[in-house]
Amino acid sequence: MRLSQTLFGIAVCFTPQFAFPHGDAAPQAVDTTGLPELSEEMATANPWRDAAGELLFTAVDIGAKGYNSNCARCHGLEVVSGGLAPDLRFLEADEWGDEWYLSRVLKGYEQNGAVKMPPFEGILSQEAIWAIRLYIETRPDDQEILTRQDELRAARDAVAALDQTAPQPDEVIALLEAVGASFEAMSGAPRSVTVLDEAAFILRSDSSRVVPALDVIQGGLRD
């Protein structure tokens, strides 16, 4: 059975009246500067799902900020649930998952008269709603990240070597993109977005930005 179907009976918790460790206490609007405007009519499927290049990373970055300010306190940092609410990384990146997600975000959720998740309609713009969805659905498996730390370290070392003029930036970018592409999204989305993908994007934009690329990869290391 689809996660989007089974979750209809589960309390999804963005609850504002509880004191949770992550995020603000009230729903927060999200700055979507950098994203193209969508039509006034609400999309029924994620319009950013097939995004690539700058649009992809802009949407993921904005989605991450929106998620952290509105969702992480219940659904967990980096969308890794601690059990308080469903693990949204498993929400399918398809029409069923989109329908469930949009319904919950716009209408909220109540259980036995208690607000488990407030409605975000009128607070979050359509651009923000789908950017958050993109961030959620492109999360890789955190356990796979843990088991492949050696590959992340090797990628970090390859980026660090750019400051020594060898190897060539294109070779390093290709390495980062190849390894990053080997991580699958837990939602079944067309791709995941890892720290390696983010570092590759930074270097492809400007190969001299070695330090920011290293910082991003370091964020995915557990040592």
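Everything numeric in this text was worked out from a predicted model, so none of it was measured. (Residues numbered from 1 in each chain as written. Predicted model: local features only at pLDDT ≥ 70, side-chain atom pairs only at ≥ 80, totals over all residues. Heavy atoms only, no water.)

## Some words on the packing of helix α7 (residues 149-160) against helix α8 (residues 169-181)
Piece 1. For the pair α7 and α8, interaxial distance at closest approach is 10 Å and the crossing angle is 160°. It follows that α7 is roughly antiparallel to α8 by the angle criterion. Of the two possible hands of crossing, α7 and α8 adopt the one that is left-handed. Taking contact as the criterion, the partners of E151, A155, A158 and V159 in α7 are, on α8, V172, L175, L176 and V179.
Piece 2. By residue class, the composition of the contact of α7 with α8 is 7 nonpolar, no polar and 1 charged. (Axes fitted to C-alpha atoms, helices over the stretch in contact; angles between N-to-C directions. Helix = DSSP H or I, 4+ residues; strand = E, 2+ residues; numbered from the N terminus. Parallel < 35°, antiparallel > 145°, perpendicular 65-115°, else oblique. Left-handed = near helix turned anticlockwise from the far one by under 90°. Contact = heavy atoms within 4.5 Å. Nonpolar A, V, L, I, M, F, W, Y, C, P; charged D, E, K, R; others polar.)

## Notes on the side chain of D98
Piece 1. One can find D98 in helix α4 (residues 95-107).
Piece 2. A polar contact is formed between the side chain of D98 and the side chain of R133, at a distance of 2.8 Å.
Piece 3. In contact with D98, other than residues within four places in its own chain, are T44, A45, N46, R49, E92, W130 and R133. (Polar contact = N/O pair within 3.5 Å; in protein donor to acceptor, adjacent residues only side chain to side chain.)

## Quick look at unusual backbone geometry
Piece 1. Phi at E78 takes a positive value of approximately 60°, unusual for a residue other than glycine.
Piece 2. Within the fold, E78 resides in the loop between α3 (72-75) and α4.
Piece 3. Judged by its relative accessible area of 46%, E78 is partly exposed.
Piece 4. Not every positive phi belongs to a glycine, and V79 is a case in point at roughly 70°. (Buried < 20%, exposed > 50% of the residue type's maximum accessible area, 1.4 Å probe, protein only.)

## Considering the packing of helix α2 (residues 53-70) against helix α5 (residues 126-137)
Piece 1. One way to put it is that α2 packs onto α5 with a least axis distance of 7 Å and a crossing angle of 95°. The angle between α2 and α5 falls in the class roughly perpendicular. In this structure, α2 contributes L56, A59, V60, I62, G63, A64, G66 and Y67 to the contact, and α5 contributes A131, I132, L134, Y135 and I136.
Piece 2. Classifying every residue of the contact of α2 with α5 gives 11 nonpolar, 2 polar and no charged.

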